[in-house]
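Report on the structure
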Amino acid sequence: MPSDIVIPVSNPAEAAAGQTGLWRVFKPVIDKGKCVRCWVCALYCMEDVIDEGPDGYPVVDYEFCKGCGICANECPTKAIDMVPEVRE
Amino acid sequence: MAKTVMDLRRGPKYVLPGSAACPGCGAQIALKWVLKILEGRAIFVIPACCTSVIQGPYPKSAFKFPVYNMAFAAAASTASGMARALRAMGEEDIHVVAWAGDGGTYDIGLQALSGAAERNEDMIYICYDNEAYMNTGIQRSGATPPKAWTKTTPTGKAEMKKNMALIVAAHGVPYVATASIGYPADFLKKLKKAKQMRGFRYIQIFAPCPTGWNFPVDKTVEIAKLAVDTYVWPLFEVEHGKLKITVKPRRRPLKDYVSLQKRFRHLTDADIEELERTFLSRWEALERLEAQGTIFL
Ligand SMILES: Cc1ncc(C[n+]2csc(CCOP(=O)(O)OP(=O)(O)O)c2C)c(N)n1
Ligand SMILES: [Mg+2]
């Protein structure tokens, strides 16, 4: 290949499109009293931001969660509430 | 190795948090699952489509796997060359995946796709079907269902949706399947099967788009399930020419599906009935093909 041809290469990084948590209008809040740790929320999480916390329950990474609410809609025990986001 | 559906939530992240996908994007759920099933051992060829936007602007990428961005029409031809080169170099266990939208598959990429299928190139071609050209602002494609609103079908599409999976199957390729993010177990089974095979494998994944179909962003998975349950998106596979319907749900009224999406809001009850008959006759045609045994050689 001629040496003057430059192929632009992007490198993998979190926040490729910024702190997408700022897009959120509603925030998923998990009620551990109702959660049966079935992990359906994490299975369907489009942003892959629901992981297992130290206590074995799901935790949401709010830095990137876009607040779509699929987790709350799919949760079989209705353990996730979508609450309006309040920012200072 | 992803053994059960719940493994699709675990393991390394290949689609990194902070992508440019819209909230509620069905395509990104499909992409996340496919990467976990392939364990990142794949090179992706991605033509112009939403996914090339989802990855994020240069110089960052939300995708932690090799991606080659290609012109709109050329996913399958690029992947053909890549697969040949890898195999010539003795690299046998890296999958080459062409990942294209419905526009890039049913329409503009069809010629390259047909050529690659005919040559039985060693790739997995995945079409994520959001039923329109979404990246450029919701124009109709050959995958848009009849009567659906798009910006270029303001009173509803007059034509049918192409039987794309059967068109590919008619090439006589080893494996063709439809899948849905609403049926993860069926999805996993098909991707695992494709992963173990060689030659041209085609998977067409139903990927609801809240932005283009105009439904609440939390309904993506619910709508994907409903599409299967109302016979809008039959789940089947064609393995070595034999068709099998892999999920046979108890049929629900089409109204349950269309009433959630504003792209169908102009439909009268009579329209919905007509559409329901259309989908039902397509389903019955599939049943007849299933009963026939080997349909494509
Ligand atoms: C030859 C050519 N024509 C048109 C375009 C503009 N274009 C880019 S993406 C796109 C639509 C892609 O639709 P689809 O393949 O369904 O993927 P989606 O955006 O829906 O994910 C179009 C028309 C282009 N990039 N190249
Ligand atoms: Mg599309």
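Residues numbered from 1 in each chain as written. Chains lettered and ligands numbered in written order. Predicted model: local features only at pLDDT ≥ 70, side-chain atom pairs only at ≥ 80, totals over all residues. Heavy atoms only, no water.

1. Some details on helix H9 (residues 220–229) of chain B
All names here are of chain B. Note the following rule: Partly exposed residues are those whose accessible area sits between 20% and 50% of the maximum for their type, while under 20% is buried and over 50% is exposed, using a 1.4 Å probe and protein chains only. Put simply, DSSP marks the helices as runs of H or I at least four residues long and the strands as runs of E at least two long, and each gets a number from the N terminus on.
Of all 10 residues making up H9, 8 are buried, and the element is well covered by its neighbours. Buried within H9 we find Thr220, Val221, Ile223, Ala224, Leu226, Ala227, Val228 and Asp229. One or two residues past the end of H9 sits Tyr231, with phi positive at roughly 70°.

2. As for the packing of aromatic side chains
Here is the rule: Only rings of Phe, Tyr and Trp enter the pairing, Trp through its six-membered ring, and a pair is recorded when the two centres are within 6.5 Å. The plane angle decides the type: under 30 degrees is stacked, over 60 is edge-to-face, the rest tilted. Any Lys NZ or Arg CZ found within 6 Å of a ring centre and within 35 degrees of that ring's normal is scored as a charge over the ring.
By the definition in use, this model includes 14 aromatic pairs over all chains. Seen from their ring centres, Trp99(B) and Tyr128(B) are 5.4 Å apart, and the 20° between their planes marks the pair as stacked. Here Trp99(B), found in strand S4 (residues 95–101), pairs with Tyr128(B), found in strand S5 (residues 123–129); they are 29 residues apart in sequence, far enough to count as distant. Tyr128(B) matches Trp99(B) in its accessibility class, with the two residues each being buried. Aromatic side chains Tyr257(B) and Phe264(B) sit 6.3 Å apart centroid to centroid with 50° between the ring planes, which places their arrangement in the tilted category. Judged by its relative accessible area of 1%, Tyr257(B) is buried. Under the relative-accessibility criterion, Phe264(B) is labelled buried at 5%. Within the aromatic cluster, the residues linked to one another by ring pairs are Phe44(B), Phe63(B), Phe65(B), Trp99(B) and Tyr128(B). In this arrangement the basic side chain of Lys27(A) is found over the ring face of Tyr62(A), its NZ or CZ atom lying 4.5 Å from the centre. The side chain of Arg251(B) reaches across the aromatic face of Tyr231(B), ending 5.8 Å from its centre.

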